[in-house]
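If you want the building blocks of each chain, they are given just below.
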Amino acid sequence: KIYAFFIKSFLLEPYGYFKKSIIKTFIDSHQFELLNLLCDDTLLDYDKIRNEAIKLVSFSEDELSTVKLNIIQLNIIYISNVYKTIRFDKLFELLDISSNDEKDLIIDEILKLKLNGKLIVKINQVDEILYFPLNDTNLKSDLNEMFTTTLPQVLERDWDVLMNN
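All values derive from a computational prediction rather than experimental measurement.

What counts, and at which threshold
- Residues numbered from 1 in each chain as written.
- Predicted model: local features only at pLDDT ≥ 70, side-chain atom pairs only at ≥ 80, totals over all residues.
- Heavy atoms only, no water.
- Patch = residues over 30% accessible without salt bridge, like charges linked within 9 Å, V, L, I, M, F, W, Y side chains within 5 Å.
- Areas by Shrake-Rupley, 256 points an atom, 1.4 Å probe, with all protein chains shown as cover.
- Salt bridge = Lys/Arg side-chain N within 4 Å of Asp/Glu carboxyl O.
- Helix = DSSP H or I, 4+ residues; strand = E, 2+ residues; numbered from the N terminus.
- Buried < 20%, exposed > 50% of the residue type's maximum accessible area, 1.4 Å probe, protein only.
- Contact = heavy atoms within 4.5 Å.
- Arc of directions from axis to C-beta.
- Polar contact = N/O pair within 3.5 Å; in protein donor to acceptor, adjacent residues only side chain to side chain.
- pLDDT = per-residue confidence, 0-100.

**Thoughts on a nonpolar patch on the surface**
Where nonpolar side chains cluster on the molecular surface, the patch consists of Met-146, Phe-147, Leu-151 and Leu-155 and spans about 400 Å² of accessible area. Following the sequence through the fold, Leu-151 ends up in helix H8 (residues 137-156).

The following block contains the structure:
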């Protein structure tokens, strides 16, 4: 009963920073097929997850729509971690999206993730390309350098002495 409540609550919760770590912690102590589906570092299959979830607990149509949007968000985040750039058509192919309404939904979800600060993406709507700058190896290298070398050196300075001179 608690597991069913947890799964329903979890599936209805939108993507967030700790969502995946919560699943991994929970799965370590409980072996359930649905959690295994959610923990894979791959694109999530909404139909498979829905079928497993409804075996455990009932969902209204509105709740299933929310679950689908949350899974779409998780898939977009997964893609943003794998690709540096991706064309819209390739994105839709990966997400198995064919109708124009679903394509618009995907773009809307990308924009929501971006506006909420959950996704760093540049969108070129003319050429229909998404660019994920955090996957740029030069940027990663620069950030790594900044956090491992420059920032510690700045923090170690005796600022009182510098300010009095």
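**Description of the side chain of Glu-109**
Examined against the element boundaries, Glu-109 turns out to sit in helix H7 (residues 100-115). By relative accessible area, which is 1% here, Glu-109 ends up buried. The residues touching Glu-109, leaving out its near neighbours within four places in the chain, are Leu-69, Ile-72, Gln-73 and Ile-76.

**What about the environment of Leu-43?**
The topology assignment puts Leu-43 in the loop between helix H3 (33-39) and helix H4 (46-56). Sequence separation between Leu-43 and Ile-71 is 28 residues; the distance between their C-alpha atoms is 9.0 Å. Excluding residues within four positions of it along the chain, Leu-43 makes contact with Asn-75, Tyr-78, Ile-79, Leu-94 and Leu-95.

**Quick look at the pattern of salt bridges**
In this structure the tally under the stated criterion is five salt bridges. A salt bridge links Arg-50 to Asp-47; the shortest N-O distance between them is 3.2 Å. Of the two residues, Arg-50 and Asp-47 are both situated in helix H4; the distance of three residues between them amounts to about one turn of the helix. Linking Arg-87 and Asp-89 is a salt bridge whose minimum nitrogen-to-oxygen distance equals 3.8 Å. Given the relative accessible area of 42%, Arg-87 is considered partly exposed.

**Things to note about H4**
Burial in H4 covers these residues: Tyr-46, Ile-49 and Ala-53. The arc that holds the buried residues of H4, viewed along the axis, is 70°, so those residues lie on one side. One side-chain oxygen at the N-terminal end of H4 lies 3.0 Å from the backbone nitrogen of Asp-47; it belongs to Asp-45.

**Notes on the confidence of the model for the chain**
Per-residue pLDDT for the chain has a mean of 77; in total, 65% of the residues score no lower than 70. Summarising per-element confidence for the chain, the mean pLDDT is lowest in helix H2 (residues 19-29) (57) and highest in helix H6 (residues 88-94) (94).

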